[in-house]
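Geometric and topological summary
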Amino acid sequence: MPTDVPTDVPTDVPTDGLTDVPTGRLGDRPTDPVVRADSLLVGYGGEPVCAPVTFDLPAGTALALVGPNGSGKSTVLRAVLGLLTPADGVLHVLGREVDEREHLFRAEVAGVLDDDAYFPALTVAEHLVLTARGHGVPDAEGVVDELLEDFGLAGHADVLPVTLSSGQRRRLLLAAGFARPRRLLVLDEPEQRLDQRMRSALAARLRAETAAGGAVLLATHDPALLAAVADAAVLVGEDESPVLDVPEAVRAIRAEPPR
Amino acid sequence: MTLTATPVPTGRQVRRYTAARARRRGGASIGSLLVDVYTVLITTAVGVGLAIGLVDGVREVLPPDTGGRAAGPEVSLPTLGALVVLALVGTVVSLAGRLGPVGVGGAEATWWLTLPVGRRALLRPAAVRLPLAAGAVGAVVLPVLDLAVHEAGRPAPERVLAVAAAGALGAAALVLAAGVGQTFGASRRRIAAAGDVLVALAPALAVGAAVTGVSLPPAPTPDAGVLAGLGVVVVAASVALDRRLDRIPARALRESGSVAGQAVGAVVSLDSRELGRALGEGIPARRRRRSARLRPVRSAAAALVTADALLLLRSGRHLAQLAGAACVPAAVLSVPHLRTPVVVLPALLAAGYVATLATAEGARRAEMAPVVDRLLPIGARRVRWLRMVVPGVAIALWSVPAFTPLVLLGAQVPEWVVLGLLAAPVWAGAAVRAAYRPAPDWGGPLVSTPAGALPIGAASVLSRGPDVVVLGLVPVLVAVALGTVVPGVLVAQALVSALVAAVCAHVPDAA
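Residues numbered from 1 in each chain as written. Chains lettered and ligands numbered in written order. Predicted model: local features only at pLDDT ≥ 70, side-chain atom pairs only at ≥ 80, totals over all residues. Heavy atoms only, no water.

Some remarks on the overall build of chain A
The secondary structure content of chain A amounts to eight helices and twelve strands. Buried residues in chain A amount to 57% of all 259 residues. Nonlocal contacts in chain A, meaning residues at least 24 apart in sequence, comprise 69% of its contacts between residues at least 6 apart. Per element, the accessible surface of chain A, about 10400 Å² overall, is 50% carbon and sulfur. (Helix = DSSP H or I, 4+ residues; strand = E, 2+ residues; numbered from the N terminus. Buried < 20%, exposed > 50% of the residue type's maximum accessible area, 1.4 Å probe, protein only. Contact = heavy atoms within 4.5 Å. Areas by Shrake-Rupley, 256 points an atom, 1.4 Å probe, with all protein chains shown as cover.)

Structure (structure tokens):
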């Protein structure tokens, strides 16, 4: 379940010169999709990596990006998270142009990419507490304890991430995505390095996310995860990027060349 | 699902939380911190002392500047000093651009930048780090340079202090200005390119000044007004940068942080190849080029040489490095006061080695990832011979403008040029030897020196390349020292060059 947070804001919240307290709400118009991409072109150095992408992601739904390795799925996700400037087209998140420099954007959009960097002297639990507290979650420790249990990290709460296996570190990153409030959750191949049980648990968690009104945008190569979570998909490709229904998307994944 | 106004901590609180947790497990005590500070201060002081002693020693053996004594084009010492300052300014700007100057990498990028907290407080330490480092270096380098170019004995202590202050403030101001540019969206590539242009301009201007006879007066001691002005610039730039820190996008912070982390790691491990990669490849390059038809490629050997040649010809940075290094001997020799083997020899060797490094990118990349080497049916020893071709040709071309000015020491132009051409295999061999050197060996014994512990194993690895330059160019050194090129020197250089090239093409059994 997405972490609900109280709406009462104390007046004595410390600031460091700027507005440290995200106020208001992005995309207040209820008709706005959480993500709107219209002929969105992404790439590096002005060179597009895939065909223009067009899709709407309404609240309470999940959209999957599928396509073979190198097709540009992660690049699209990076653009949605504001880590890449689109080369062309329209990209609105929560009703506004993407600008991750805005506090509100970072407060409402969560992303789990393939980062694998950790503070060398902070434990697994402390990484999650840092994330939860940094987002103003009132009972940060309680939320973190629950996440550690759900992601199979309870026995590793007090160890340093460097001692974890790659799969455990992946679970830590995923747990961080759920340790904070969000209206949009962006996941890049979340099934990577997860066993089947954890993939099923992740699918259930993402279904709960959309059921609670959250939006999920994920890139995946896992047909089971896609079938369990997504309401639609975009096949990101070099020549065109069509929107597919779920069965078509599952077939597209199964037709991918062996990885 | 609702997410409205939510109280979050300040950036400073996030920073302090992270630091406090890290301190609990860091195991660092105040005692070890003091020891570290003491070591750094002592090492820096010893280094500065050695530099001053070296400059003083060179000054003592320099001939007196009698003015108008020498033949040929001339540049005054103060003019050369000003141009060196220009090159230093360019270096600072270039490094600032390549390193960010504001960046956040690793865990901080992943776990801090996604928080909805004020980034100013999060980024403040990162924004201060580089200007402080630049200021510290400027405070040391500029007085040493001033000592080197000061014409009337040693500068007075007041002048040394004033020059040090000017160096510190000037260097910090440059980095802060680059940081302000970064907040306005100036790309790291442009900032670095601006610095590179200044560096390349310096030797070209030196040659221009020699040809046109332009001469600058000795630099006056920076007075209080100048220092106050620099101070105002530093404060203004600091305030401007601080106020706009939250305007730097996360992608720019991550890129800069990644490059800075790689560069710091390379420096700590004394890995100059990695440092070059961090500073050179950290700047996004053009992603597409028109593909060459590669008509000359008719064999595996030709493919290898062509790959190296294309790499060099498509790297503007390395071509500029070659051109700039070619101007250095002319710039030094155009100063009558410096027209002595004590200065010319180190300048020639340093410029030549800098030029050599620019030509061996293919070998360095092959050592890191021998993709092309493994694709081609060529033995390892022959690969090394082939990898010397492009550096050899490039350095042979470089030798013409670099060795021609040596005529000011004596002998005739053709003799110096022939000597330079005969020496080209030594440079090429050194380039390949340095490129294929193994990783530094940190397992060897430590030798205590006045500047701190010296790891012998690592030092011996790092000396691969420069060692054959020094040994293989003994005939050149003799010719420069004598101010003439006799036939015996040419024969000796040819023999030594062949020997050095053969040694550098040798592949150890373990390789």
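Here the narrative resumes, following the displayed structure.
Thoughts on the packing of aromatic side chains
Residue and element names in this part refer to chain B. Counted according to the given criterion, the structure contains four aromatic pairs over all chains. Between Trp398 and Trp427, the aromatic rings sit 6.0 Å apart at their centres with planes inclined by 70 degrees, giving edge-to-face as the arrangement. In this pair, Trp398 sits in helix 17 (residues 389–403) while Trp427 sits in helix 18 (residues 413–435), placing the two residues 29 residues apart along the sequence. The burial state of Trp398 is the same as that of Trp427; both residues are buried. (Phe/Tyr/Trp six-rings, centres within 6.5 Å; stacked < 30°, edge-to-face > 60°.)

Let's talk about the sheet that holds strand 4 (residues 53–57) of chain A
Residues and elements named next belong to chain A. As summarised here, the arrangement of the four strands in space is 4-1-6-7, forming an open sheet in which the pairing is antiparallel. Looking at strand neighbours, the two that pair on one side only are strand 4 and strand 7 (96–97), the edges of this open sheet. In this sheet, strand 4 lies alongside strand 1 (residues 35–41) in antiparallel orientation, the contact comprising four bridges. Each residue of the ladder has a partner; that of Val35, found in strand 4, is Leu57. Strands strand 1, strand 4 and strand 6 (88–93) of the sheet are contacted by helix 1 (residues 73–80), whose axis makes an angle of about 60 degrees with strand 6. (Pairing = 2+ DSSP bridges. Axes fitted to C-alpha atoms, helices over the stretch in contact; angles between N-to-C directions.)

Remarks on helix 5 (residues 166–178) of chain A
Taking 1.5 Å per residue as the helical rise, helix 5 of chain A with its 13 residues ought to reach 18 Å, and the 19 Å between its terminal C-alpha atoms agrees with that figure. Those residues of helix 5 of chain A that sit buried are Gly167, Gln168, Arg169, Arg170, Arg171, Leu172, Leu173, Leu174, Ala175, Ala176, Gly177 and Phe178 of chain A. In this structure, the buried side of helix 5 of chain A is in contact with strand 8 (109–112), helix 3 (124–134), helix 4 (140–150), strand 9 (184–188) and helix 6 (196–211) of chain A together with helix 4 (106–111) of chain B. (Expected span 1.5 Å × (residues − 1).)

What about the domain arrangement of chain B?
Residue and element names in this part refer to chain B. Per the domain assignment, the segments of chain B are domain 1 (35–55 + 71–283) and domain 2 (301–438 + 454–511). Between the C-alpha centres of domain 1 and domain 2 the distance comes to 29 Å. Contacts between the two partners involve 20 residues from domain 1, matched on the other side by 23 residues from domain 2. Among the residues domain 1 hides against domain 2, the three largest losses belong to Leu270, Arg273 and Arg277. Together they make up 34% of the total. Here Arg273 and Glu367 are joined by a salt bridge, their closest N and O atoms 3.5 Å apart. Applying the counting criterion to the domain 1 and domain 2 interface returns three residue pairs in polar contact (both at pLDDT 80 or more). Elements represented by at least two residues in the side of domain 1 that touches domain 2 include exactly helix 3 (77–99), helix 7 (188–212) and helix 10 (272–281). With six residues, helix 10 is the largest single contributor of residues to the side of domain 1 that touches domain 2. (Domains from an automatic or database assignment. Buried area = accessible area lost by both parts, 1.4 Å probe. Salt bridge = Lys/Arg side-chain N within 4 Å of Asp/Glu carboxyl O. Polar contact = N/O pair within 3.5 Å; in protein donor to acceptor, adjacent residues only side chain to side chain.)

Digging into the packing of helix 16 (residues 380–387) of chain B against helix 17 of chain B
Residue and element names in this part refer to chain B. Here helix 16 crosses helix 17 at 20 degrees, and the two axes come no closer than 4 Å. Here helix 16 lies roughly parallel to helix 17, going by the angle between them. Across the interface between the two elements, Trp385, Leu386 and Arg387 of helix 16 pack against Val389, Val390 and Pro391 of helix 17. Among the residues making up the contact of helix 16 with helix 17, the classes are represented as five nonpolar, no polar and one charged. (Parallel < 35°, antiparallel > 145°, perpendicular 65-115°, else oblique. Nonpolar A, V, L, I, M, F, W, Y, C, P; charged D, E, K, R; others polar.)

Some points on helix 3 of chain B
For helix 3 of chain B, built from 23 residues, the straight-helix expectation of 33 Å at 1.5 Å per residue is met to within 8% by its first-to-last C-alpha distance of 32 Å. At the exit of helix 3 of chain B stands Gly100 of chain B, carrying a positive phi of roughly 140 degrees.

Details of the side chain of Asp308 of chain B
Residues and elements named next belong to chain B. Tracing the backbone shows Asp308 in helix 11 (residues 300–313). The class for Asp308 is buried, based on a relative accessible area of 6%. With sequence-adjacent residues up to four places away left out, Asp308 is seen in contact with Gly362, Arg387 and Val390.

What about the environment of Gly105 of chain B?
Residue and element names in this part refer to chain B. Mapping Gly105 onto the fold places it in the loop between helix 3 and helix 4. For Gly105 and Ile191, which are 86 residues apart along the polypeptide, the C-alpha to C-alpha distance reads 20 Å. In this view, Gly105 contacts Gly257 and Ser258; residues no more than four positions away in its chain are not counted.

A closer look at empty space enclosed by the protein
Taken as a whole and assessed by the stated rule, the structure comprises three cavities of 30 Å³ or more. Of the voids in this model, the largest cavity is the one considered here, and its volume is about 380 Å³. For the largest cavity, the lining is made up of 25 residues, of which Gly111 and Arg180 of chain A together with Thr110, Thr114 and Arg254 of chain B are closest to its centre. When contributions to the lining of the largest cavity are tallied by element, the ones reaching two or more residues are helix 2 (103–108), strand 8 and helix 5 of chain A together with helix 4 and helix 9 (250–268) of chain B. The greatest single-element share of the lining of the largest cavity, amounting to four residues, is contributed by strand 8 of chain A. In the lining of the largest cavity, the residues fall into 14 nonpolar, five polar and six charged. (1 Å grid on protein atoms, 1.4 Å probe; cavity = no way out; pocket = protein on both sides within 12 Å on 5 of 7 lines; lining within 4 Å. Points joined across faces, edges and corners; volume = space filled by probe spheres on them.)

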